[in-house]
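Geometric and topological summary
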Amino acid sequence: MEDRPYWNMEMEPLLNTPEMREIQQKRLKPQLEMIYERSAIQKKYIDSLGVNLDKINTLEDLQKAFPPMDKHEMRQLVMSNMGEGGIEGLLNDFLCAPLNDVVLLATTSGTTGEPTPYFFTQGDLELMYESMARVLWRCGLRPGDTVVHAMGLSMFGGGIPCILSLVNFGAGTIPVGAESGTERVVTYLNIVNMVKGEIDGVFMTPSFAEYVIEKCPEILSVEVKNLGIKRLLSGGEPGAGIDSVKKKIEGAFGCKIYDMMGLTSGFWCSCDHDEYQGMHFVRDDTCIMELVDPETREPIPFEDGAVGEVVGTPLAGDSLNLIRFNSNDIMQVFTTPCLCGRSGARYKVIGRSDDMLKVKGVMVYPAAIDNIITGFVPRVTGEFRIVLSEPPPRVVPPLKLKVEHGEDVPEHKLPALAGEIADKMHDAIKVRPEITWIPPMTLERSAHKTQFIEKAYEG
Ligand SMILES: [Zn+2]
C-alpha cells in the first residue's frame, strides 16, 4: 500500500513550539466550556472554586484557577455526588458524554494499584487512532505492514484499543494476546514469519520479551532473532527505557524496541536513537502537559531537565475530561532538540510520587534506584530491597539497601562493587546508600509489581 499520511501530520513540526502554545490556548476555553456544559459534577466543582471560565485564556490562568487533581481526589469528587441514580447516574453526571454513547471501556494496566477506567465514545476512539497513528508512523510502521499483538488484550488500554488503532491505521493486525501463553505467541510469530518472510512489528511488554528470549529456543529450537521481527513496540511497564534491559532485548531480538505510553488525548513514544532519549510527547495539540512539585503542588517551570509530577489537561475528547489531572507519575522533561531529529518534548519516567522517599531533603524514587541496580547485572541479580527503619517518606541517612550479588562474584570483590554502586547512585540521585550483600535468589520474586520496600519498622 502507498504511504498515506495520518490526518494531522502538519502538527508534527509544531510540537513543543511557541506556535503550539497558541494552538493550545485557543483550544483551552472551548474545552473547559464543553466540560462545564456537559458534566454536572464538574460544573458544580468549577462553581465551588469560584472560577469564571471567561477569564481563563492562558496556561497561567488555568494553573491559578484549578488545583491539580489526582486519582484519589477525582474519586472523592465523584463519589461525593452519589445520588438516587446510583453508579450509572453518577457516571452520566460526571462524563461529558452520555453513558449510552460509550462504545468501549478499558482500564490502565493497574501496575500502580487499582486500575483506572477509561471510557471511549466513537469520538474518543478517533482521538486514540490519531495518537496511535502518530506513534506507529514514528516507529517506522506504515499501512499494510504486519503487526502481531502479544500484550494483554483483556480490558487493558494497550489491548483492544491498541488493536482497533492498528486496524484503523491499516496494519495487517494479528491479535494473539499475552493471555494465550508463551508457546502460542512464539508459534504464531514463527507462522507469520514463514508466511510473510518477516514481521514488521510486535507489541510485547519488556518482561514478556525477556521471557520469550529464554523460551523461544525450547519451543522452536531457534533463537528469537531468527523470527524476522523488525521492531518491538512496548508499554504497560518500564523496561524499554532502562538501558540495560533495552540493550539485552535489542541484542537478542536483533531489532529496535520502542517504549510508549498514553491513552486517547495524551501519547508518548521513544525514538530510534541508540541511547534511550526519553519518550517524545506527540499530542501537544490535544493535551496541555505541565509539571508540579509533588509536595507544594506548585507549577515547576517546564524547562530542559526539570523534574516533577506530570499534570495534564485534555483539549479534546468526549467522555473523560479532567482539568489538571495529576497522574502522580514523576518525570523528567527534556525540551532541547533530540539527537534523533524528531519533534516533541521528551519525558523520562523517574517514579511515582506515592513511592517517594526523602533522604536529607533529597527526593529519591525506588524506580530510580532500580534503574541503577539493574545496570550492574550480571554482577548483581537485579533484586534488592530498601530497608526502612521508620515509616516513609522520611529516611534518616544512610539509605539502607539489601542487594543480591551475582552468582559468579567472589566474596572478596563485593566491597569494591558496593563502592562502585554507591558512587553511581551518588552521581545520579545524590544519595550514597549503605549496601548489605545477600546471596542470589534470597529475596521473594513476584510476577506482579515488585515490592522494593522492606518495612523493618513493622518488626
Ligand atoms: Zn528522539
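Relevant structure appears above.
Report follows, based on the coordinates. Predicted, not measured: the structure shown is a model, and the values here were computed from it.

Moving on: the packing of helix H9 (residues 206-220) against helix H10 (residues 243-253). Look at H9 against H10: their axes get within 10 Å of each other, and the N-to-C directions meet at 45°. The angle between H9 and H10 places the two elements in the oblique class. As for the relative orientation of H9 and H10, their crossing is left-handed in sense. Contacts between H9 and H10 involve Pro206, Ala209, Glu210, Val212 and Ile213 from the first element and Val245, Lys248, Ile249, Ala252 and Phe253 from the second. A class-by-class count of the residues in the contact of H9 with H10 yields eight nonpolar, no polar and two charged.

Right, let's get into helix H7 (residues 160-169). Among all positions in H7, only Pro161, Cys162, Ile163, Ser165, Leu166 and Phe169 are buried. Residues of H7 that are buried in the fold lie against strand S2 (104-107), strand S3 (117-120), helix H6 (122-138), strand S4 (146-149), strand S5 (172-175) and strand S6 (201-203). Once H7 ends, the next one or two residues include Gly170, with phi positive near 100°.

Turning our attention to the coordination of the zinc ion. Summarising the metal site, the zinc ion is bound by the protein donors Cys271 (SG), His280 (NE2), Cys338 (SG) and Cys340 (SG), whose distances to it range over 2.1 to 2.3 Å. One way to put it: the four donor atoms around the zinc ion meet at angles of 104 to 120°, and that makes the site tetrahedral. Mapped onto the polypeptide sequence, the residues donating to the zinc ion form the spacing pattern C-x8-H-x57-C-x1-C. Of this pair, Cys271 sits in the loop between strand S9 (266-270) and strand S10 (279-281) while Cys338 sits in the loop between strand S14 (325-334) and strand S15 (346-352), placing them 67 residues apart in sequence. Classification of Cys338 by relative accessible area gives buried; the value is 8%.

Under the definition given, this model contains 23 salt bridges. Between Asp47 and Lys43 there is a salt bridge; the shortest N-O distance is 3.8 Å. With Asp47 and Lys43 both in helix H2 (residues 40-48) and four residues apart, the pair spans about one turn of that helix. Overall, the relative accessible area of 35% leaves Lys43 in the partly exposed class. Connected through salt bridges with shared partners, the residues Glu130, Arg134, Arg283 and Asp285 form a single ionic network.

Next up on the list: the sheet that holds strand S18 (residues 380-388). The strands making up a sheet associate through hydrogen bonds between their backbones, and the pairing can be parallel or antiparallel. On the basis of which strands lie adjacent, the open sheet formed by four strands has the order S21-S20-S18-S22 and mixed pairing. Looking at the sheet topology across the chains shown, the edges are occupied by strand S21 (434-438) and strand S22 (453-455). On average, each strand axis in the sheet is inclined to that of its neighbour by 30°, with strand direction left out of account. Note: S18 against strand S20 (residues 400-405), five bridges, orientation antiparallel. Directly across from Arg385, in S20, lies its bridge partner Lys402. Running over the sheet, helix H11 (residues 366-374) touches S18, S20 and S22 and is turned about 150° from S18.

Strand order in the open sheet formed by three strands is S17-S16-S19, and the pairing between neighbours is mixed. Where the open sheet ends on each side, the last strands, each with one partner, are strand S17 (362-364) and strand S19 (394-395). In terms of strand pairing, strand S16 (residues 357-359) meets S19 through two bridges, oriented parallel. Note on S19: the bridge partner recorded for Val359 is Val395.

What counts as what
Residues numbered from 1 in each chain as written. Predicted model: local features only at pLDDT ≥ 70, side-chain atom pairs only at ≥ 80, totals over all residues. Heavy atoms only, no water. Axes fitted to C-alpha atoms, helices over the stretch in contact; angles between N-to-C directions. Helix = DSSP H or I, 4+ residues; strand = E, 2+ residues; numbered from the N terminus. Parallel < 35°, antiparallel > 145°, perpendicular 65-115°, else oblique. Left-handed = near helix turned anticlockwise from the far one by under 90°. Contact = heavy atoms within 4.5 Å. Nonpolar A, V, L, I, M, F, W, Y, C, P; charged D, E, K, R; others polar. Buried < 20%, exposed > 50% of the residue type's maximum accessible area, 1.4 Å probe, protein only. Donors = N, O, S within 2.8 Å, 3.2 Å for Na, K, Ca; no water. Tetrahedral: all angles 85-135°; square planar, octahedral: opposite > 155°, others 65-115°. Salt bridge = Lys/Arg side-chain N within 4 Å of Asp/Glu carboxyl O. Pairing = 2+ DSSP bridges.

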